[in-house]
Amino acid sequence: MKTILGLNAVFHDSSAALLVDSRLRVLAEEERPSRVRHAKRAGVDNTPVLPYLAIDEALREAGLDFSRVDLVAYSFDPAARLAALGRAPAEADIPEGDYGTPEGERRFHDFILLTGALLKARYGREVPVRFVPHHDCHMAAAYHSCPWDETALLCVDGIGEDDTCTWGRWRGGALEKLGRLEYPHSLGFLWERVTQWAGLTPNLEEGSTMAMAAYGDPARFRAALRRVLEPLPDGTFRVDPALARFRAPDVRGFEELLGPRRLPQETLLWQGADRRHADAAAALQELTEEVLRGLARRVRQDAGLPRLALAGGVTLNCLGNSAVARDGAFDEVWAFPAAKDCGTAFGAACLAAGAEARREEWLHAYRGPAPAAGLVGKALAEARLEAPSQGGEALIAQGAELLEQGKVLAWFEGAAETGPRALCHRSLLADPRQAAMRDRLNLEVKHRQLFRPYGPVVREEDADEYFDIPAGLRRACRFMLAAVPVKARMKSRVAAVVHGDGTTRPQLVSKSSHPRLHALLGEFGRRTGVPVLVNTSFNDREPIVDSPAHALATYQRTRIDALVLEDRLLVKKPSPVQAGR
Ligand SMILES: [Fe+2]
């Protein structure tokens, strides 16, 4: 038996994957047990922080210990990074010792090379470490989870070694790279900077920028943004480094183009007469879709294959994925749920396994660890709560009844989802029929901006009645990775999940991918006539809950009304005020 430990630790979204006998056994994200969003901040000095909790969780899940690991595959190639130093145009205002400076890059390189020694110090055993180019890892992960033996590939993120966008194909059992862009030509960094200009946290709140886009007018800043990033006739794009200044700490170039940045105490302008932050987001979204369409056409031409697998953090942009699919360059688009850097641990392990690595279509994303046996009972005992185990049908009936009553129901079950979307193993569920539910979730439960949308979960067989899902995007809808229009006649029936632009990002479940949720949707539909639920991540401004103890703590601390914890149901008693209403 050969065991390969894939590691992503270079920037953020640290993770560990175990490939046992050429198959993915588990892909664990460090942010879940550590409770730190994205696990760590990308920074030269954070490089040696390895995802030990994720490694330990992955080994536990696989029933192995570190002595069984034959090879470590690390999703970044420090030699390639160092070789690229000096290739990008000179950039002013980079902080001393940071990425992009000779001393910073040397330290970054040396820190990465410590990986083997750090693992030996922790686990007492030396294991060979193989460094694998970052974008190869993104693309390998997308390929090994996709439905096709051969496929075109497109990876778009902030940066790998110095690649920012790579494309190619998987054919004849191997990855062939056909083209690349390099720093500073980065669409991912453009998102980080506009997010920063809008006074939001870069690398954390790009989802808010994307959500705001629906409320803005792209015309206001269309020309301005194209001065930073210009799409080119060959399908690629060019960034003006003097305006972008991606490695400078401030956003002066963007202030020149878009006006003063928003300060923390200032209002985020997304509604009313002046919607400048939403307008910038809308221009960015429009430009992103144009760039992704251009890239996809280029990839189609270069790769000569009719299907496309997407990878890299930018491909978490649901509207962008939909734009690519609707443009028609490809018959079908695969979107990988762990498209951000956490998925590269899986890709690195696959590439290290070589021809032996098996491709296996992901019918669901429940690839993370499940809680150890006995943890549910232990967490309940520690919280001094009682909830008997009960049969599936009774629990489904009670859950549907609570949802019909307008309760917010947390759902915790089995192995964790991999990637940023909660897909009903660690989700909050609610009745979608009234728009007020969205506001209640945003204001009272999730504490998010009012414009943040919610997606629905729906049974595969009911999806087309409510949503306009192109055939080429259907698989992306397993993972909430495509934005699709809500059918006009259904908007009022699922008002809480209709975004400002009339779209939504559904999760489709089948009886085999999630039998209990499938049954719950059926029962809710039988009661209400609407077999659809609001689905959002089970958390409150933290990483998605990981253990039964996190689930219980979040349930108790927030205004979540009820919790399905594996086969148990907990329901809060209404307060006297609520009871009186
Ligand atoms: Fe990446």
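Quick caveat: nothing in here was measured; it's all calculated off a predicted structure.

**Considerations on the side chain of D540**
By the secondary structure assignment, D540 is in the loop between β19 (532-537) and α20 (548-557). Among the polar contacts made by the side chain of D540, one reaches the side chain of R541 at a distance of 2.9 Å. D540 has contacts with V445, K446, H447, R557 and T558, leaving out every residue within four places of it along the chain.

**Let's talk about empty space enclosed by the protein**
Going through the model one piece at a time under the given rule, you end up with two cavities of 30 Å³ or more. By volume, the largest cavity amounts to about 40 Å³. In terms of lining, the largest cavity is formed by L27, E29, R32, G368, P369, A416, E417, T418 and D546. Both domains that meet at the lining of the largest cavity, namely domain 1 (3-145 + 341-356) and domain 3 (375-580), each give it at least three residues. Put simply, the second largest cavity is a space of about 30 Å³. Lining the second largest cavity are R222, L225, R226, A283, E286, L287 and E290.

**Side note on the packing of aromatic side chains**
Applying the stated criterion across every chain yields a total of 20 aromatic pairs. On the basis of an interplanar angle of 80° and a centroid distance of 5.8 Å, the ring pair of F11 and Y99 is categorised as edge-to-face. Within this pair, whereas F11 is found in the loop between β1 (3-8) and β2 (15-20), its partner Y99 is found in the loop between α3 (78-83) and α4 (102-113), the two being separated by 88 residues in sequence. Taken individually, F11 and Y99 each receive the classification buried, so the pair is uniform in this respect. Each ring, one from Y215 and one from W270, has its centre 5.1 Å from the other, and the planes form 75°; the classification is edge-to-face.

**A closer look at α4**
Between its first and last C-alpha, α4 extends 17 Å over 12 residues, near the 16 Å set by a 1.5 Å rise per residue. Taken together, the buried residues of α4 touch β4 (71-74), α3, α5 (115-123) and β5 (129-131).

**A closer look at the pattern of salt bridges**
One pass over the full model with this rule turns up 56 salt bridges. Across the pair R298 and D234 runs a salt bridge, and its minimum N-O distance is 3.6 Å. Of this pair, R298 sits in helix α12 (residues 276-303) while D234 sits in the loop between β9 (229-231) and β10 (237-239), and the two are 64 residues apart along the sequence. In this structure, R516 engages E413 in a salt bridge whose closest nitrogen and oxygen atoms are separated by 3.0 Å. Taken together, the residues R516 in helix α19 (residues 515-528) and E413 in the loop between β13 (409-412) and β14 (426-430) connect sequence positions 103 residues apart. The exposure classification of R516 matches that of E413, with both residues buried.

**Points about helix α13 (residues 318-327)**
Of all the 10 residues making up α13, seven are buried; the element is thus mostly covered by neighbouring parts of the structure. Every buried residue belonging to α13 is among C318, G320, N321, S322, A323, V324 and A325, and all of these are buried. Tucked inside the fold, the buried residues of α13 contact α8 (206-212), α12, β11 (307-311) and β12 (332-335). For α13, the capping residue at the N-terminal end is N317, with a side-chain oxygen 3.3 Å from the backbone nitrogen of L319.

**Quick look at the environment of I159**
Mapped onto the elements, I159 comes out in the loop between β6 (151-156) and β7 (163-171). For the pair formed by I159 and L187, sequence separation is 28 residues and the distance between their alpha carbons is 9.2 Å. Those residues in contact with I159 that lie beyond four places of it in its chain are F11, R81, H134, H135, T164, Y183, F189 and R247.

**Comments concerning the sheet that holds β19**
If you walk across this open sheet you meet the seven strands as β18-β15-β19-β14-β13-β20-β21, and the pairing is mixed. Each edge of the open sheet carries a strand with a single partner, namely β18 (507-509) and β21 (568-571). Direction aside, neighbouring strands of the sheet carry axes that sit 30° apart on average. In this sheet, β21 lies alongside strand β20 (residues 562-565) in antiparallel orientation, the contact comprising four bridges.

**Here's the deal with the packing of helix α7 (residues 187-197) against α12**
Between α7 and α12, the shortest axis-to-axis distance is 10 Å and the interhelical angle comes to 175°. The orientation of α7 with respect to α12, classified from their angle, is roughly antiparallel. Between α7 and α12, the residues in contact are L187, L190, W191, V194 and W197 and R276, H277, A280, L284, Q285, L287, T288, V291 and L292, respectively. Here the residues of the contact of α7 with α12 sort into 10 nonpolar, three polar and one charged.

**Comments concerning the side chain of H499**
Within the secondary structure layout, H499 lies in the loop between β16 (484-485) and β17 (503-504). Taking relative accessible area as the criterion, H499 reaches 11% and is therefore assigned buried. Here the side chain of H499 touches A211 through a polar contact of 3.1 Å, landing on its backbone oxygen. Filtering out sequence-adjacent residues up to four positions away, H499 remains in contact with A211, A214, Y215, F451 and P453.

**Observations regarding the domain arrangement of the protein chain**
If you check the domain split of the protein chain, you get domain 1 (3-145 + 341-356), domain 2 (163-169 + 179-335) and domain 3 (375-580). Centre-to-centre separation of domain 2 and domain 3, based on C-alpha positions: 30 Å. Counting residues at the interface gives 24 residues for domain 2 and 28 residues for domain 3. Summed over both partners, the interface of domain 2 with domain 3 comes to about 2000 Å²; 63% of that surface belongs to carbon and sulfur atoms. Contact with domain 3 buries surface across domain 2, with C318, R326 and E332 losing the most and accounting together for 24% of the total.

Conventions used here
Each chain carries its own residue numbering, running from 1 in the direction its sequence is written. Two thresholds apply to this predicted model, a pLDDT of at least 70 for residue-level local features and 80 or more for giving and counting side-chain atom pairs, whereas whole-chain, interface and lining totals are computed over all residues. Each side-chain value is worked out from all heavy atoms of the structure, with water and hydrogens disregarded. Helix numbering and strand numbering both begin at the N terminus, where a helix is a DSSP run of H or I of at least 4 residues and a strand a DSSP run of E of at least 2. Think of a polar contact as two N or O atoms within 3.5 Å of one another; within protein, one of them needs to be a possible hydrogen donor and the other a possible acceptor, and neighboring residues in sequence only count if both atoms come from side chains. Whether two residues touch is decided by their heavy atoms; if any such pair falls within 4.5 Å, the residues are in contact. Definitions used throughout: a 1 Å grid over protein atoms alone; a cavity as a set of points that fits a 1.4 Å probe which cannot get out; a pocket as an open set with protein on both sides within 12 Å along at least five of seven lines; a lining residue as one with an atom within 4 Å of a point. Grid points are joined across faces, edges and corners, and a volume is the space filled by probe spheres set on the points. Where each domain starts and ends follows an automatic or database-derived domain assignment. Only Phe, Tyr and Trp rings are paired, with Trp represented by its six-membered ring, and only when their centres lie within 6.5 Å; those with planes under 30 degrees apart are stacked, over 60 edge-to-face, the remainder tilted. Buried, partly exposed and exposed residues are distinguished by accessible area as a fraction of the type maximum, computed with a 1.4 Å probe on protein chains only: under 20%, between the cut-offs, and over 50%, respectively. Here, expected helix span is obtained from the residue count minus one, scaled by 1.5 Å. For this document, the term salt bridge refers to a Lys or Arg side-chain nitrogen within 4 Å of an Asp or Glu carboxyl oxygen. A pair of strands is considered paired only if DSSP assigns at least 2 bridges between the two. Inter-axis angles, ranging from 0 to 180 degrees, are taken between N-to-C directions of lines fitted to C-alpha atoms, where helices are fitted over the stretch in contact. Roughly parallel covers angles under 35 degrees, roughly antiparallel covers those over 145, roughly perpendicular covers 65 to 115, and oblique covers all other angles. Charged residues are taken to be Asp, Glu, Lys and Arg, nonpolar residues to be Ala, Val, Leu, Ile, Met, Phe, Trp, Tyr, Cys and Pro, and polar residues to be all remaining types, Gly included. Accessible-area loss on putting two parts together, using a 1.4 Å probe and summing over both, is the definition of buried area adopted here.

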